[in-house]
Amino acid sequence: MNKTVVIHQPDFLSYLGFFHRLLHADQFIVLDHVQFVTGTSRSWMNRDKIKTPNGATWLTVSVEKCPRGTAINQVKLSNTVSWRENNLNLLKQHYVKAPYFNEIHPYVEKLYESECSTLVEFNMRSIHMLCDLLNIEIDMVFSSDLECYGRKNALLVEILTQVKATHYLSGLGAKGYFDPLPFDKSGIEVVWQKFIHPVYPQLYGNFIEGLSTIDMLYNCGIESSRLILRECL
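Trainee: What should I look at first to understand helix α5 (residues 152-162) in this one?
Mentor: Note that an α-helix has 3.6 residues per turn; residues three or four places apart therefore point the same way. Within α5, burial applies to Asn153, Leu155, Leu156, Val157, Ile159 and Leu160. Residues of α5 that are buried sit in contact with β1 (4-8), β2 (27-30), β6 (167-170) and α6 (180-186). The first or second residue beyond α5 is Lys164, which carries a positive phi of 60°.

Written out as structure tokens, the structure reads:
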């Protein structure tokens with residue numbers, strides 16, 4: 001029996017392409033034991049983009065400073081409440097006129113009211129929230145609950161072997177550092193995601209792709225967002 005697996009860090013309020021991959025998979029391995037990366041173009045762990053009248057801007061989860069090399073599952077949320085209030089105010093300011101603000105915002109408020117102390121817990125709540133809103137059901141396993149010691153492609157194969165995956169569904173962004181040899185040796189087929197970003201109604205002029213999924217939900221509502229995502233298949 002085939003088993004398709006997605007492996008990815010537990011990013012905050014991810015963009016549509018991430019959830020498109022989950023629609024095609026049987027299991028999501030939450031890569032929470034690897035290094036927390038911040039301050040680079042690759043760092044989406046504690047931030048994502050929303051749309052404003054001046055274009056895209058960051059919505060950021062505040063975390064405590066941690067030493068280089070700290071694992072994602074060891075990163076603590078800032079113990080101040082101001083970042084939560086600031087995020088909610090930012091979302092309200094720029095989406096209150098969105099057609100489905102009243103439908104979606106209570107879910108977002110509940111997320112920010114949750115009592116979480118770690119980034120991974122807060123991010124997983126955001127992932128579960130968006131999966132529920134998009135009607136995505138998928139088994140989730142934390143990499144920290146597996147015995148994983150490799151790095152890069154070897155780490156992926158190690159995880160895939162432990163969960164008995166036959167197929168690994170990867171985003172196109174990984175092609176630049178992909179090494180097929182470990183996958184071939186393990187008999188795991190790599191499937192590259194085929195995703196064309198949908199164009200949906202947005203506030204503030206010309207369409208901007210790659211924003212947080214919450215942008216589509218505020219603008220299109222739950223039912224239409226489910227349909228739009230599935231039309232990208």
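Structure shown, so let's carry the discussion forward.
Trainee: Any chance you could explain the sheet that holds β1 here in plain terms?
Mentor: Adjacent strands of a sheet pair through backbone hydrogen bonds, lying either parallel or antiparallel. Reading across the sheet, the five strands line up as β5-β2-β1-β6-β7 and stay open at both edges, with parallel pairing between neighbours. Two strands bound the open sheet, and with one partner strand each, they are β5 (139-142) and β7 (189-192). Taken pair by pair, the neighbouring strands of this sheet meet at an average axis angle of 30°, ignoring direction. Where β1 and β2 come together, four bridges link them in parallel fashion. Residue pairing in the sheet places Ile7 in a bridge with Ile29 of β2. The sheet contacts of helix α4 (residues 119-134) involve β2 and β5, and relative to β5 the element is tilted by about 170°. Those strands touched by α5 are β1, β2 and β6, and its axis lies near 135° from that of β1.

Trainee: Any chance you could explain the pairing of β6 here in plain terms?
Mentor: In regular strands, side chains alternate between the two faces of the sheet. The alternating pattern of β6 places His167 and Leu169 on one face and Tyr168 and Ser170 on the opposite face, and all of these are buried. Pairing analysis gives four bridges linking β6 to β7, with the strands arranged parallel. The partner of Leu169 across the bridge, within β7, is Val191.

Trainee: What is the right way to look at α4 in this model?
Mentor: Compared with the 22 Å implied by 1.5 Å per residue over 16 residues, the 22 Å span of α4 between its first and last C-alpha is a close match. Most of α4 is tucked away: 12 of the 16 residues are buried. Among the residues making up α4, those that are buried are Leu119, Val120, Phe122, Asn123, Met124, Ser126, Ile127, Met129, Leu130, Cys131, Leu133 and Leu134. Contact partners of the buried residues in α4: α1 (16-23), β2, α2 (82-95), α3 (101-113), β5 and α7 (213-230). Taken from the residues just after α4, Asn135 is the one with a positive phi, measuring 60°.

Trainee: What's the story with the layout of surface pockets in this structure? I'm lost.
Mentor: The rolling of a water-molecule-sized probe over the atoms marks out the regions of remaining empty space. Estimates place the volume of the second largest pocket at around 170 Å³. Around the second largest pocket, the lining residues are Tyr107, Lys110, Leu111, Ser114, Arg125, Met129, Asp132 and Leu133. Every element with two or more residues in the lining of the second largest pocket is listed here: α3 and α4. With four residues, the single largest contributor to the lining of the second largest pocket is α4. Partitioning the lining of the second largest pocket into residue classes produces four nonpolar, one polar and three charged.

Trainee: What am I meant to see in the pattern of salt bridges here?
Mentor: When the charged atoms of two side chains with opposite charge come close together, those side chains can pair. In the structure shown here, the tally under the stated rule is two salt bridges. Linking Arg125 and Glu121 is a salt bridge whose minimum nitrogen-to-oxygen distance equals 3.5 Å. Taken together, the residues span about one helical turn, with Arg125 and Glu121 both in helix α4 at a distance of four residues. With a relative accessible area of 38%, Arg125 lands in the partly exposed category. A relative accessible area of 29% means that Glu121 is categorised as partly exposed. Put simply, Arg226 and Glu223 hold a salt bridge, and the shortest N to O gap is 3.8 Å. Here Arg226 and its partner Glu223 are both found in helix α7, three residues apart, which amounts to about one turn of the helix. The class for Glu223 is exposed, based on a relative accessible area of 55%.

The rules behind the values
- Residues numbered from 1 in each chain as written.
- Predicted model: local features only at pLDDT ≥ 70, side-chain atom pairs only at ≥ 80, totals over all residues.
- Heavy atoms only, no water.
- Buried < 20%, exposed > 50% of the residue type's maximum accessible area, 1.4 Å probe, protein only.
- Helix = DSSP H or I, 4+ residues; strand = E, 2+ residues; numbered from the N terminus.
- Contact = heavy atoms within 4.5 Å.
- Pairing = 2+ DSSP bridges.
- Axes fitted to C-alpha atoms, helices over the stretch in contact; angles between N-to-C directions.
- Expected span 1.5 Å × (residues − 1).
- 1 Å grid on protein atoms, 1.4 Å probe; cavity = no way out; pocket = protein on both sides within 12 Å on 5 of 7 lines; lining within 4 Å.
- Points joined across faces, edges and corners; volume = space filled by probe spheres on them.
- Nonpolar A, V, L, I, M, F, W, Y, C, P; charged D, E, K, R; others polar.
- Salt bridge = Lys/Arg side-chain N within 4 Å of Asp/Glu carboxyl O.

Everything listed is a geometric property; what it means functionally is a separate question.
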